[in-house]
Each structure stands twice: as structure tokens, then as C-alpha cells.
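Each chain, written out:
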Amino acid sequence: MDKLKKQMDFLIEISKMKSIYRQSVYYENGKIKRENDAEHSWHMCMYALVLEEYAPKGTDISKCIKMMLIHDLVEIYAGDTYLYDEKGNADKAEREKAAADKLYAMLDEQGEELKALWYEFEANESLESQFANTLDRLQPLLLNYLTQGYKWKENKVHISQVIEKGKWETRKVDERIKKFVMDLLEDSVKKGWLLP
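Residues numbered from 1 in each chain as written. Predicted model: local features only at pLDDT ≥ 70, side-chain atom pairs only at ≥ 80, totals over all residues. Heavy atoms only, no water.

(A) Highlighting the layout of surface pockets. Approximately 840 Å³ is the volume found for the largest pocket. If you trace the largest pocket, you find 35 residues lining it, with Thr-81, Leu-83, Lys-92, Asp-136 and Arg-137 closest to the centre. For the lining of the largest pocket, the secondary structure elements donating two or more residues are strand 1 (21-28), helix 6 (92-104), helix 7 (109-123), helix 8 (127-146), helix 9 (150-154) and helix 10 (159-166). Looking at the lining of the largest pocket element by element, the count peaks at six residues for helix 8. Taken together, the residues that form the lining of the largest pocket break down as eleven nonpolar, ten polar and 14 charged. The computed volume of the second largest pocket comes to approximately 240 Å³. For the second largest pocket, the lining is made up of 14 residues, of which Phe-10, Leu-11, Ile-14, Ile-70 and Leu-73 are closest to its centre. Where the lining of the second largest pocket is concerned, the elements lending two or more residues are helix 1 (3-14), helix 2 (37-50), helix 3 (61-70) and helix 7. Element by element, the count of residues in the lining of the second largest pocket is highest for helix 1, at four residues. (1 Å grid on protein atoms, 1.4 Å probe; cavity = no way out; pocket = protein on both sides within 12 Å on 5 of 7 lines; lining within 4 Å. Points joined across faces, edges and corners; volume = space filled by probe spheres on them. Helix = DSSP H or I, 4+ residues; strand = E, 2+ residues; numbered from the N terminus. Nonpolar A, V, L, I, M, F, W, Y, C, P; charged D, E, K, R; others polar.)

Quick look at the structure:
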């Protein structure tokens, strides 16, 4: 099969992201709507563009955006796993690795490059992956806040869980972002949207 055909097949396959619905919700025309993976990935890229000044010095924002475009493609096969679902998270890494192998095998050398970028995001060690992971934790917090804790209340989430799962106390992040997050969480507790 020629390269262009493989690329087109891959592009058709990843359009399935539009039908992978996440746990995150938002208001649209006054009604709650679940966010899909394609919306999430686009939003994450916009976060990187707008919040670039808060990235660690030396961060390649272009590479960060590439990571955010592909970071949830594996959910086409592995599904979305809610951050606070202990059972679902037990085999998440295994499911997502198998999904990455299957998906990126559709492309040859290019697939290996994309898979390497996905692994880099997952490892959370490079400047780009650390910033991308920070934004990937920040965006759902804002959606929860804007929906008055809709999913937090539904799942009886405590502030300690949000801090622990987001690694907000140890995360390498600009102090202004960390303060913003902590203020948002404390305000959510005061308003009864997040359990103390």
C-alpha cells in the first residue's frame, strides 16, 4: 500500500475521536454537554498558544501542541478513563499502549515518530511533556468550575483527590498557574462544588 493511502486511512481512522466522549462536561445553550476527545485536543492546543508565557523556559510550544493533538488518539481503542476511577485506571496504561501500537502501525516511519511523541507525553519528563500534562490537568478543572462542580459533585470528589491526582503540590509548573489552581479549588470547596 502506498504511503498516501496509509496516511489517508489513518486520518479517516482518527476522525473517530469526535465520537469518544470524555467525563468532562460544559454548558452549551444552557444544557450540559459531554466534551469529546477532538474538542478536548483542540482546546488543549489553544491553551498552549494562549498560556505559552507560563511554560518553562526553553519549551518548544510547537512540539507541545503536537503532543496535545495526539495525546488522546489512543482513546479511539482504549476509551476514556475517568481520572478518579480506580478500577478503570488499574489497566489504563496497558490498554493505551496496545491502542498506540495498533493505531500508529497504520503508518510506517511517520507512525513511529507519532508513537514516540505519545510516549514522551506519557513519560512527563521533557519540558514539553510537563507543560502539556499541566494543561491537560488544568482544562478539566476549569470545566468543573464553570459547571459548578458538576462531575465533582456527581462523583463525590474531594479537594485532596484533585490535588493528589493532578500532582498540584509537586508539579513543575509556573507558580502563577499553581496559585490559580489552588485558589480555584478552594473557591470550589467554599461554594460546595467540591468536597473538603
